[in-house]
Every structure is written in C-alpha cells, then in structure tokens.
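Here is how the chains run, residue by residue.
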Amino acid sequence: MPSGDIRRSRGRNYEAERQGCRPEGAPIEFGDYHPLKPIMVTDSKTRRGTRKGSTSSSSSSSSSSAPPDPLSSMLDGTDPLSMFAATSAGQPPAVPHSSSTGDLGRRRREKEEEAVGPDFEPWAMKRGEILARFTTTEKLSINLCMGSEKGKALGPGSSAVSEKVRTRLEELDDLEEGSQKELLNLSQQDYANRIEELNQSLKEAWASDQKVKALKIVIQCSKLLSDTAVIQFYPSKFVLITDILDTFGRLVYDRIWSMCSDPRPLPESFTVEDVNDTAKETCLNWFFKIASIRELLPRLYVEAAILKCNRFLSRTGIQETLPRLTAMIRGIGDPLVAAYARAYLCRVGVEVAPHLKDSLNRNFFDLLSAFRQIGGESVQNQLVVQRVEVPEYLTLYSPAINWILQCIAYRAPEVLLTEMMDRCKTMANNALLLNSIMRAFRPEFVAARATDFIGMIKDCDESGFPKHLLFGSLGRSLACADPPESERLTILNEAWKVITKVRSPQDYIGCAEVWVEFTCRHFTKREVNTVLADIIKHLTPDRAFEDAYAQLQSVIGRILTYFHDFSVLFSMERFLPFLDMFQKDSVRVEVCKSIMEVFIKHQLELTRDPVILNAMLHICKTMHDSVNALTLEDEKRSLALLIVGFLRTVSFGRDFEQQLSFCVEARAAFCNLEPVLVQLVHTVNTLAMETRRVMQGSHSRKTAAFVRACAAYSFITIPSLGSIFTRLHLYLLSGQVALANQCLSQSDAFLKAAVSLLPEVPHSISVEGKLRSSEGFLLDFINNFLATLLVVPDHPEHGVLYLVRGLLNMVQDYTWEENSDAKVRVYIGALPLLAAMSQEAFLYSIPKVDSNETLYGGDPKFLSEINKLSETLIGQILDHLKALARDEQSARRQSALAFSLFAVLLAHGDLRNNKLSQLAVNLWNLSHKQGLCDTRLSVRTLEHVKHQAQRPDMAHLAEAVQRLTLQTRT
Amino acid sequence: MSVSLDIKLKRANKVYHEGPIQLISSNIEVAKAGKVPGGKTEIPFEFPLLTKGNKVLYETYHGVFVNIQYSLRCDLKRSLLAKDLSRTCEFIVHSQPQKSKVVPTPVNFTITPDTLQNTREKSSLPKFLIRGHLDATNCVISQPLTGEVVVENSEVPIKSIELQLVRVETCGCAEGYARDATEIQNIQIAEGDVCHGLSIPIYMVFPRLFTCPTLETTNFKVEFEINIVIVLHDDHLITENFPLKLCRV
C-alpha cells in the first residue's frame, strides 16, 4: 500500500463525471404522444363483431381534445353504476315496446296516445312520500271475511264459468267457509306486512290458477278502504292497498293478453278485432263477476283496477267506463274515502288513457261539490271520536287532491289553470283546494302569480286548513321558479309575517325550511341572517330543535348551496349560534362535515381572515372532538382529510410567526387525528424552508430563532404519532430541514431520534389493512438516511462518524428476520457513503453548512477511520457470504450478494489497489460459481468495465477485465 | 292407461239459439265403434236444437221452482272389461230476440215518509226526501238497468242505498198457484252519509244465469222486480218496489 495515499476508494471528480454522463437530450414532441394520454379513437367506425372491449374504450374519451385528468375522466358518468343511478332517478325507466310493433303508422298512433311524458311525476314517486308522512302509533286492525259472501257476491256470476272452476270454488268455500279473520292490535309495520302478505298470496293464488280466490283477496282488500278508523293512517293504507289492486289489474290484463298470443303475440296497439273469442269471453266474465260484487267500494276499485281490460272488448270501453265510475263515486258518503277513490280512478285513467281529460275534470268538480260534507255532522262526529283536529284531518286530503290536480294540470293550457284558480275563489278560497293548486300546478305558473296567491291565502278562512301549510306550498313553488323581481321582497315579508307566528315548532320549521331557499336565492346575508335568528328563536325553547334536526340540516344545506363566500357566510351573526342547535353528536358532525366539504370545494384562495379561521377552527374542533375509541378508521380518515383540507387553505402570508402560532393552536385542537398532526409537521417544515427562501439562505438572529422554533415544534410533535415509519420519515425530513436552516444541534437531535427509534421497528406492519413485512420499508429508509448523513457534520463533542457508527450499531443489534440478508445489504449500502465521505469534495453539500469535507479537510486520521470502518463492513459481508452456500437457496442469495458487493467495489473502490482488485475478481467468480447469475446483467457489466478501461485514468481496469470470465452456458 | 273424455263447445260463451224446428232430446252417434288411437282424439259433432212436439224451447234459467237447463251428455261405451266413460256439459239457450222495438217506459219516483205504505208508525219516522228515476222499466236483459237517485234531505244520515233484484216465480197447481220471490242480486250503490242534492247513479248489470226474459206460460211465470232499498243510520229500512219487464233484443 503506497503510504502517500491511504484512500481505498477511488478518487472522484463528480463534475467531470456529471458532464460525461449527461444524456443526449432527446427532443420530446409534446401533444403528439404521451403514455398517460387516454386512448384516442379517431376512426369512430366500429365494425360489428369486434370484441366488446375494443369498442368500449372509444366511447368515453374520443371526444376529448385536450388530455383530461385520467382519474376524473374515469368518473365522467361512464361508470355503469352512476349511469344506472342517473336513469333510474327522476324518471321511470322507459317501458320497452313490444319489438314486433311493425309499421310506422302504429308507432305514430302510439306516440299520440302517449300523452304522459317523463316530466309527469309518476305515482311511484309519491308512494314513499305518503307512506313516510302519514303514520300512526295507534293500533290498527284488518278484518277479512273470506267466503262469507258466498252466493251473494260470487254465486251468480260464478255459475257461468266452467264446471271445473265451480267445483274448485266450492272446495275453496268449504275450506274457508265463514273464515272471518280479524286481526287486531296491529302496529303500522305489522299492518304493512300483512298487506304485503296478502299481495303475495294474491300472486300465489293466481299462479296456482285459483282465480276466484285471487278475486276474493282483492275484494277483501278494497273493502278495507271503507274503514276510516285510525283516520290519520288512511292515506298510507290507500297506498298499500292500491298496490294490491295494481298487481291484480296487471295479472288479469296479462292473462287475457296472453290468451291472444297464438299464433303471435298481440301488438302493443291492438284493436278489438285482434282479440279472439275465448279471450273476450274470459274478459267479459271478469266484468260480470265484478259487476255483481255487492258492496260499492270493492266493486268500484276492482273495476277500476282492470279498466285497461276494456281494450279487449270494445274500442270505446274505457271512455264509457271512466265517466260511469266517476259518477259511481258520488255514492260514497265519506268524503275522504271518496276523494281517494277519485285519486285512484284518475291514476288508472291517466295510465290507461291519458288523452281522456274530461273524467279528470269531472272528478275534480265532483270533489269540489262534496266539500261541504267536511263540515257535516258525520265527519265532525267521526273526528270527535277519533280525537283528530280539523287541520290535521284536512291535510289527509292533500295527497289525493294533489294527485288529481297534477293529472289535470299536466300540460294543461294556462286557461284551465286560471279557471281552476277562479273556481277556488268562488269556493271562498277554500284553503285545502288552494294548497293543492299550488302543489300541483307548474311552479312557473304559481311564481308568476305569487302575489295573487298570497292575497288568496290571506283571504282564507283561518280555521281549518293551517296557513303555514299554504305558505309552505307556495314556498316550494318559489324554490324552483322565480316571481317577478319587483315583488320578491314583499312576498318574503308577507310570508315571513305568517310563518313567524306559527306556534308549533314542528309546523314552523317545516315551513321556514322551505322559505330559506327563496331567501337565499334572492337576498343577501342580511335577510338570511334574520331568518336564521327567527329560526333560533322558535326552536330554542324547550329544546324543540331536538325534533327538527332533519329540517335544520336542510336549512344549512340550502344556505351552503347559495353562499360560497365563507367570509360572508361566517359574518352572519347567527350562523354559528344556529350550528349550536345541533346538539346530538352524530348530527352535529354530519353538519360540520357538509360545511367542510363545501368549504374545501369552494375556498380555493388561501386565507387569513380571522372570521373564517375562528369559525372553521370551531367547526373542525367539533369534528375532531367527536372522535373516540369507537370511531371507525374510515370515519377518522375522512374527518382528518377534511381538517387537513382546511389547514392547507390557511396562510398568513409573510407573517410566519402567526402561522406558526396557528399551527401550535391547531396541534392542541386536533391532537387525536394523526394525519392532521403529520400535515402540521409538514406545514411547519415548509414554513422553515419558506423563511430560508425569503432570507435567501442567510438567517438573521430573529429568523434563526424562528426556524429553531419550527424545529422545536416538529421535534415535540413527532413523538406523539403512532405509526413508526411516519415518525422515522418525519424525523429525517425535519432533520434535513433543520440542517438546511443551519440548525445543527436540532438536526443532530432529529437524526439521533430516528436512529434510536430503529430498534423499535416491528417485523411486520399493516399496509392498507394487510400485514406486510417491514424489511423493505426499513431498507429504503436506511438508504435514504445514509444519503443524508453525507452532509451532516460530525458533532465536535462526539467521535468521528458518530451518527454513521450509531446507525450501523443499531443495524447490527437489530433483530432481523431469520434467513434475511437485510443487514448485509445495509452494510453494502453503507460502503458508497463511506467512499463518498472520503472524497476531497463531496458530491453535494448544504449552503452555509460545513460538512465533514471542510471540518476534516481530508485529514488522514479521518480517512483511516473510514477505511477501518469499510474494512469492518467488508469483513462482515464476507463472513456472511461464507456462511451461505449450504444449499441452492442460499447459494442463489450468495451469488446475488457477491455481485452487489462486486458492483459497489467496481463503482466506488480504487481497483488499482491489488487487494481490492483481487477481492473484486474473487467476488465476480463467486457470484458466477454456481451458474445462478443473471447472464445478461453480467454481460452488460463486463461491457461497462471494458468501456471504463478505455479511459486513461482507468487503464488499470484492463487487467482486471481479463480475469473476469463469463460463466459458460451449459 | 288413464283415459279421459272432454266436451268442447265451439262457442266460447256456450250460448246457442233455438233452431226453427223444435226438439227437446236428441241422440246422435258421433263416432262408430272402433279403436280410438292413443293420444288426443277430437270428434266433431253438431245437431239442430229442435223442440219435442208443440213444446216451446225456453231460455236457460236456474231458479228455485223452475229450472230450465240444457245439457249435453257424451257416452263412450267400451268393451266389457273397461268402464264406460261419460261426460256432461251444460250449454245455454237464449231465445231468439224479439222483433218488436222495446219501449223504455221511464219512471220517476219520490220517496218521503208520506209515500210509504206498510208502516205502522208513520209519525215516528224521521223526515226525508228522496227523489229519482229509472231510465226504463222495460229492460233489455243484456243492457244494464240505469237511473239516478238523489237524497234531497234526510234528518237521519243514510247508511246505505241498495238495488235489490228480485225474481218472482209463480207455479200453477191444483190448489191455485205458488208464488215465490227470491233476491237474486243485491248491489250497493251508496254507502254512508252521501252528499245531499248530488245525484247518485243507479246501475245494475243483470246477472247472466239468474235472469231471463220475463216469462209467462200457462203453467208458470218468471217475473222480475227491482227494489230500491234505503237504510238509514238508525236501521230504518225504506223500500220502493218497481216491477220490471225483461226482454231480449
């Protein structure tokens, strides 16, 4: 060994190498090709018969000219689930017409008759609403008397059917003779279940060819509709029972239709002539049977249910039947029962013959003339017995009247609507009617006459139908259509005058909630604030808000739709007090989350507005405080994400100290959510780097103190985190930041903390819910760490390479997994560091920080320390290599490790040194001994060495090359 | 091997009309003796409806004292060891429609406590005024009975208004004649305290098997009546009777 040069590592001229290695710049044509650009299909002709997969990619992306974000374009409605949701929401799926509809003429006729378009809100949409709204806690009963009507209802008609059916009927009657079933004390849910059971048994009876039994079920069910006990449940009962009637109507129609399917199915637009005699006779039999039902209500409902079947018998059947059934309803004494019967008739009518508008109007006028019965003795007595107030009773009519009016108003000329309004006036502005008109007519129509309507509402009789409901309905129209601008303020004032007088908090909030929309839409924060104040005033006494969370949430939702400027929003005095009404934890968090979501979406500018910060901190704190031991991980994650979103919008600009103290505050507030703390550490590190940038690298005394404060912040924040790798990475990162800011002792502390944390790293960690070995992560971290250590100057009070030794000691003591080469890999990885440290000029350095290169200035003592350390490491590695090679598995490992070490020596070692050169050759041979090496890699390496050997300062490699032999392929 | 036998009538509604010549019973052989092959064998048949002697072929009618029924019976005679098979099937006879035009003869009615007969204590009855009309008392059997009823006023609420179709059979015999009235259909046209002053439709379809054109022969009569029955809430029963004449056109 030449004494003058004690370096074992080859000397490097990093700058020259960099120049030599600079790749030739290959010009990239932008816009033409990019691997991440979505597939573009320019030729849109898709041949039939090509595979599905190949055509589907064209649909979503072919139209985009500029490459969009690939993730967002994935979500662009093309995913099948959202597509389903889009079609099913709002409109009923289009009923596929029979494929055999042949000529165009028929199609056209169908179109004309199809007077109900997708803009007609179908009954199916109302169902749920009614069921949810008209509920009861009282006990219900079902009274079914199967078979007791023998000889009356069915006797005469049934004889017309075949012998077979008659015997079956008799059997049935015997089976169920007088089987009067009375089910008492049913809860509402029980009741619904029972009705559903009946629906099922109807289908079963039908499927097992027991048509008579099916009819009996339907009759019994419709009879239940004449029972008005527990009257507040009546609308829901109507919904449940008419479901059964619908089923029945469909079954009968389909059955007769299928009787005509020979030789080919009837077209959708068939005429009477297409129907064969057997089908007609069966159909007629149904009508005869139904005509003989004794009781009025079942006779009416069941005939209405099979109204469509008239198509089999005559061209004019439906238009003759509808007026007759309409008149028949006059025989129903109970006005509520009659109103719903009308609603059902209109429902069936609109479905089967939407062009027949006359019966709709007739029904409505009959309904009007029966209104006086509501004040009559029979109704009033009933209400007294059932202890139901008139206003509540009147609201029971709403679904029925709304539906009838909706049918009438659908695509109706303005004239008709005006006429209806006038009729309403002549009925002394009957409130119930007025309400339905406002609900059923087009919002634009109502909005344009809003002032008129307000006048009518005012003129209404105070008793009876509650005015807040009227204003609620008006508000609902005004939420979707705008009244003339000049009238808006008057409308709001008039409406609120009434709303604020509503006593019952439930009634009040139901109405106020609707009007919030109108207020937000047309007015400023001042008006909205007033409204909020009013709501608080009404709902605070007796903690009434507890029963109104849904409505209060909807109020917040409406406000957030219109107010995206959070400085305006939070400057509403009553906004936060309004939030305070959400006292149930789950609801409060829900509300906070919805506010945060809107905030993150719309607050794109950084802010330091104290109003926003205070309010948002309050909201985030609320979310944070909801976290407890039982909170699910997902929930925590989403809360943390929202809070982080907020923290990222906060910026105090150049006021770094303020920013830091904000982070201190935030840390105190959000200490339970780890991702938030991580974000805070990052924020503070960024802050330190920002300070450095502003000071252009030279800190003043003041800024130096500030960046130390930042380091201190991170240093005390990191230990509270749970995830060990998060801690490790943050220590390293913060150490780097501290170093960059010339805070040497802080940097030392961070790195020392990281090193002393290493023994605690467990063997396996949970990654996305799966347990995985931590070894890979640990190796990555250590390599990253080693790279940083190059520029960390040694502490004057500790020995040379204090941190490197410390790290290697930890690695040595760490209990690695059995049969693992990880430790040796760390050692191999440490060699390049040591080589880099022995250079005269380091590869990289930190401005204004003196690294070891300056501290030691190439001191031979320092270099020999490095050599000693390297030798120890190489010794350890070689020991390990020796220990391997017992079996093929470890031989493979041995080969790979030997090659790694060879590569390191080649790249960093000074191979002019014979010992080292010999070692390298030996390692090469060792790695090739068993023939387990990657031949291509070997060939490439060899070529590289040859290439290197041509350089003048590397000529010594030429000799070594001779000794490196490739293994022969056997 | 199981064998079954069925009769299928050509007309789906099983309604046949009498032929010009009359006969009450007729036997025809629809198939000669021989072997029926396995599977389904359909044997077409037809014969004219002829009355026996000078008797009239009346319409199918199911009553209490009077029953007019027509049936087909098919016998399948088989060899000694196998049972004979037999099947009966009812068919319905409608008389030929009347040639003459039916005069509807509408009738108006007003019912008050004063118009009632058969009441013991007229004075104790609550006050009411019910008016209405039937569009026809001469009815075509295949058309519904129609009309209107209006409750102008009633002191006691109405519980129910019903239409009761009654058939009256009269049989002549040695001691004079037996008369029997049977309700054959009862239809409710109003339920509950109906709106006063609003006309309620009267509408009834005549049941197919239990009605026939009004029949008057030397031996028996089949006649029909309609009762409008008003039940008050205190269970007072008010009935107004209208004889009907049914015919087929």
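Residues numbered from 1 in each chain as written. Chains lettered and ligands numbered in written order. Predicted model: local features only at pLDDT ≥ 70, side-chain atom pairs only at ≥ 80, totals over all residues. Heavy atoms only, no water.

Concerning the overall build of chain A
Definition in use: Only DSSP runs of H or I covering at least 4 residues are called helices, and only runs of E covering at least 2 are called strands; the numbering of each starts at the N terminus. Exposure categories follow from relative accessible area, calculated using a 1.4 Å probe and restricted to protein chains: below 20% of the type maximum is buried, above 50% is exposed, and the middle band is partly exposed. When checking whether two residues touch, look at their non-hydrogen atoms; a contact exists if any pair is within 4.5 Å. To measure how exposed things are, a 1.4 Å probe is used in the Shrake-Rupley method; for residues, cover is taken only from the protein chains shown.
Along chain A, the regular secondary structure elements total 47 helices and four strands. Burial statistics for chain A: of 970 residues in total, 49% are counted as buried. Considering only residue pairs separated by 6 or more positions, chain A has 74% of its internal contacts joining residues 24 or more positions apart. As displayed, chain A offers around 48100 Å² of accessible surface, 53% of which is attributable to carbon and sulfur atoms.

Concerning the overall build of chain B
Along chain B, the regular secondary structure elements total zero helices and 15 strands. A buried classification covers 42% of the 249 residues belonging to chain B. Excluding contacts between residues fewer than 6 apart, the proportion of contacts in chain B whose partners are at least 24 apart in sequence is 66%. With an accessible surface of roughly 14800 Å², chain B has 51% of that area assigned to carbon and sulfur atoms.

Observations concerning the sheet that holds strand β7 (residues 128-134) of chain B
Residues and elements named next belong to chain B. Going by this rule: At least two bridges found by DSSP between two strands is the condition for calling them paired. To get an axis, fit a line to the C-alpha atoms, keeping to the stretch in contact for a helix; angles then go from 0 to 180 degrees between the N-to-C directions.
An order of β6-β7-β9-β12 is seen for the four strands of this open sheet, with the pairing classed as antiparallel. Every interior strand has two partners, whereas the edge strands, β6 (107-111) and β12 (199-204), have only one. Each strand axis lies, on average, 20 degrees off the axis of its neighbour in the sheet, ignoring direction. As defined by bridge partners, strand β9 (residues 145-154) adjoins β12 across six bridges and the pair is classed as antiparallel. Counted as the bridge partner of Leu 145 is Met 204 from β12.

Some thoughts on the packing of helix α38 (residues 744-757) of chain A against helix α39 (residues 775-789) of chain A
All names here are of chain A. Rules: Between 65 and 115 degrees an angle is taken as roughly perpendicular, under 35 as roughly parallel, over 145 as roughly antiparallel, and anywhere else as oblique. Each crossing gets its hand from how the near helix is turned against the far one by less than a right angle, where anticlockwise is left-handed and clockwise is right-handed. Gly counts as polar in this scheme, as do all residues outside two lists: the nonpolar Ala, Val, Leu, Ile, Met, Phe, Trp, Tyr, Cys and Pro, and the charged Asp, Glu, Lys and Arg.
Orientation of α38 relative to α39, taken along the N-to-C sense of each, is 150 degrees, at an axis distance of 12 Å. In terms of their interaxial angle, α38 and α39 are classed as roughly antiparallel. Helix-helix and strand crossings are classified by hand; for α38 and α39 the assignment is left-handed. Residues Leu 751, Ala 754 and Val 755 of α38 form the contact with α39, whose participating residues are Phe 781, Phe 785 and Leu 789. A per-class count over the contact of α38 with α39 returns six nonpolar, no polar and no charged.

Some points on the packing of aromatic side chains
Residue and element names in this part refer to chain A. The cut-off we apply is this: Only Phe, Tyr and Trp rings take part, Trp by its six-membered ring, and two of them pair if their centres are within 6.5 Å. Stacked means planes under 30 degrees apart, edge-to-face means over 60, and tilted covers everything else. A ring is scored as having a charge over it whenever the NZ atom of a lysine or the CZ atom of an arginine sits within 6 Å of its centre and within 35 degrees of its normal.
Applying the stated criterion to the full structure yields 38 aromatic pairs over all chains. Ring geometry for Tyr 301 against Tyr 344: centres 5.3 Å apart, planes inclined by 40 degrees, an arrangement best described as tilted. With Tyr 301 in helix α13 (residues 296-305) and Tyr 344 in helix α15 (residues 335-352), this pair connects stretches of sequence that are 43 residues apart. Looking at Tyr 301, the relative accessible area reads 1%, which means it is buried. On the numbers, 6.3 Å between centres and 55 degrees between planes, the contact of Tyr 731 with Phe 750 is tilted. Of the two residues, Tyr 731 sits in helix α37 (residues 724-740) while Phe 750 sits in helix α38, which places them 19 residues apart along the sequence. Counting every residue linked through ring pairs, the aromatic cluster contains Phe 566, Phe 570, Phe 575, Phe 599, Phe 646, Phe 652 and Phe 662. Positioned above the aromatic ring of Trp 286 is the side chain of Lys 289, whose terminal nitrogen or guanidinium carbon lies 4.9 Å from the ring centre. Against the face of Tyr 713 rests Arg 667, its NZ or CZ located 4.0 Å from the ring centre.

Let's talk about unusual backbone geometry
Residue and element names in this part refer to chain A. A positive phi angle, near 50 degrees, is found at Val 230, a position not held by glycine. Tracing the chain through its elements places Val 230 in the loop between α10 (211-223) and α11 (234-259). Unusually for a residue other than glycine, Gln 742 sits at a positive phi of about 60 degrees. With respect to the element layout, Gln 742 can be found in the loop between α37 and α38. In this structure Gln 742 comes out as partly exposed when scored by relative accessible area, which is 27%.

Observations regarding the nonpolar core
Our working definition: Take the buried residues of types Ala, Val, Leu, Ile, Met, Phe, Trp, Tyr and Cys, join any two whose side-chain atoms come within 4.5 Å, and each joined set is a nonpolar core.
Tyr 393, Trp 515, Ile 535, Leu 552 and Phe 646 of chain A are the most contacted members of the largest nonpolar core, which totals 304 residues. Those residues in contact with Phe 646 of chain A that lie beyond four places of it in its chain are Met 596, Phe 599, Ile 600, Leu 613, Met 616, Leu 617, Cys 620 and Phe 662 of chain A. Membership of the second largest hydrophobic core comes to 55 residues, among which are Ile 161, Ile 202, Leu 209 and Phe 224 of chain B.

With respect to the interface of chain B and chain A
Selection criterion: Note on definitions: buried area is the accessible-area loss of two parts on being combined, 1.4 Å probe, summed for both. Definition used for salt bridges: Asp or Glu carboxyl oxygen within 4 Å of a side-chain nitrogen of Lys or Arg. As used in this structure description, the phrase polar contact means that two N or O atoms lie within 3.5 Å; if the pair is within protein, one of them must be able to donate a hydrogen and the other to accept it, and residues adjacent in sequence are counted only when both atoms belong to side chains.
Facing 30 residues of chain B, the contacting portion of chain A comprises 34 residues. Between chain B and chain A lies a buried interface of about 2500 Å² when both sides are counted; carbon and sulfur atoms form 55% of it. Between Arg 208 of chain B and Glu 281 of chain A there is a salt bridge whose closest N-O contact spans 3.2 Å. Counting across the interface, chain B meets chain A through 12 residue pairs in polar contact (both at pLDDT 80 or more). Every element with two or more residues in the side of chain B that touches chain A is listed here: β11 (176-191) and β12 of chain B. The element contributing the most residues to the side of chain B that touches chain A is β11 of chain B, with eight residues. When its residues are assigned to classes, the side of chain B that touches chain A shows 17 nonpolar, seven polar and six charged.

Regarding the confidence of the model for chain A
Residue and element names in this part refer to chain A. What counts here: Residue-level confidence of the predictor, termed pLDDT, takes values from 0 up to 100.
Within chain A, residue pLDDT values average 82, and 84% of them lie at 70 or more. Counted against residues more than four places away or in other chains, residues 41-113, with its pLDDT under 50, gives 36 contacts. Below a pLDDT of 50 lies the segment residues 147-178, which in the model reaches 48 contacts outside its immediate sequence neighbourhood of four places, other chains included.

Observations regarding the pattern of salt bridges
All names here are of chain A. Under the counting rule described, the total for this entry stands at 43 salt bridges over all chains. Residues Asp 243 and Arg 127 are paired through a salt bridge, measuring 2.6 Å at the closest nitrogen-oxygen approach. Linking Asp 243 in helix α11 with Arg 127 in helix α6 (residues 123-133), this pair joins segments that are 116 residues apart in sequence. Note on Asp 243: relative accessible area 18%, which makes it buried. A relative accessible area of 26% means that Arg 127 is categorised as partly exposed. Connected through salt bridges with shared partners, the residues Arg 330, Arg 342, Arg 362 and Asp 366 form a single ionic network.

What to know about the side chain of Arg 347 of chain A
Residues and elements named next belong to chain A. By the element assignment, Arg 347 lies in helix α15. A residue is classified by how much of its surface remains accessible, and Arg 347, at 4% relative accessible area, is buried. Those residues within four positions of Arg 347 in sequence are excluded, and the remaining contacts are Trp 123, Thr 242, Asp 246 and Trp 403.

Considerations on the packing of helix α20 (residues 414-426) of chain A against helix α21 (residues 431-440) of chain A
All names here are of chain A. Taken N-terminus to C-terminus, the directions of α20 and α21 make an angle of 165 degrees; their axes are 9 Å apart at the nearest point. Judged by the angle between their axes, α20 and α21 are roughly antiparallel. Considering the relative orientation of α20 and α21, their crossing is left-handed. Mapping the contact onto sequence places Met 420, Met 421 and Cys 424 in α20 and Leu 433, Leu 434 and Ile 437 in α21. In the contact of α20 with α21, the residues fall into six nonpolar, no polar and no charged.

Observations concerning α38 of chain A
Residue and element names in this part refer to chain A. Convention followed: Expected helix span is taken as 1.5 Å per residue step, with the number of steps being one fewer than the number of residues.
Spanning 14 residues, α38 covers 20 Å between terminal C-alpha atoms, matching the ideal 20 Å at 1.5 Å per step. Every buried residue belonging to α38 is among Ser 747, Asp 748, Phe 750, Leu 751, Ala 753, Ala 754, Val 755 and Leu 757, and all of these are buried. Those residues of α38 that are buried are in contact with α36 (701-717), α37, α39 and α40 (802-813).

Observations regarding the state of the cysteines
Our working rule: When two cysteine sulfur atoms are found within 2.5 Å, that pair is recorded as a disulfide.
Inspection of every chain in the model, using the stated rule, returns zero disulfides over all chains. Between Cys 663 of chain A, a free cysteine, and Cys 710 of chain A, which holds the nearest cysteine sulfur, the sulfur-to-sulfur gap is 8.4 Å.

Observations regarding a nonpolar patch on the surface
Defined as follows: Only residues whose relative accessible area exceeds 30% and that form no salt bridge are eligible for patches; like-charged ones are grouped when within 9 Å, while nonpolar side chains (Val, Leu, Ile, Met, Phe, Trp, Tyr) are grouped when within 5 Å.
Taken together, the side chains of Ile 28, Val 30, Ile 43 and Phe 45 of chain B make up a nonpolar region of the molecular surface, amounting to roughly 310 Å² of accessible area. Mapping Ile 43 of chain B onto the fold places it in the loop between β1 (15-17) and β2 (61-62).

Describing the environment of Arg 73 of chain B
Residues and elements named next belong to chain B. Checked against the element boundaries, Arg 73 lands in strand β4 (residues 70-76). When the C-alpha atoms of Arg 73 and Thr 88 are compared, they prove to be 4.3 Å apart, with 15 residues separating the residues in sequence. With near-sequence residues (within four places) excluded, Arg 73 lies in contact with Ser 86, Arg 87 and Thr 88. In this structure the side chain of Arg 73 is engaged in a polar contact, spanning 3.2 Å, whose partner is the side chain of Asp 75.

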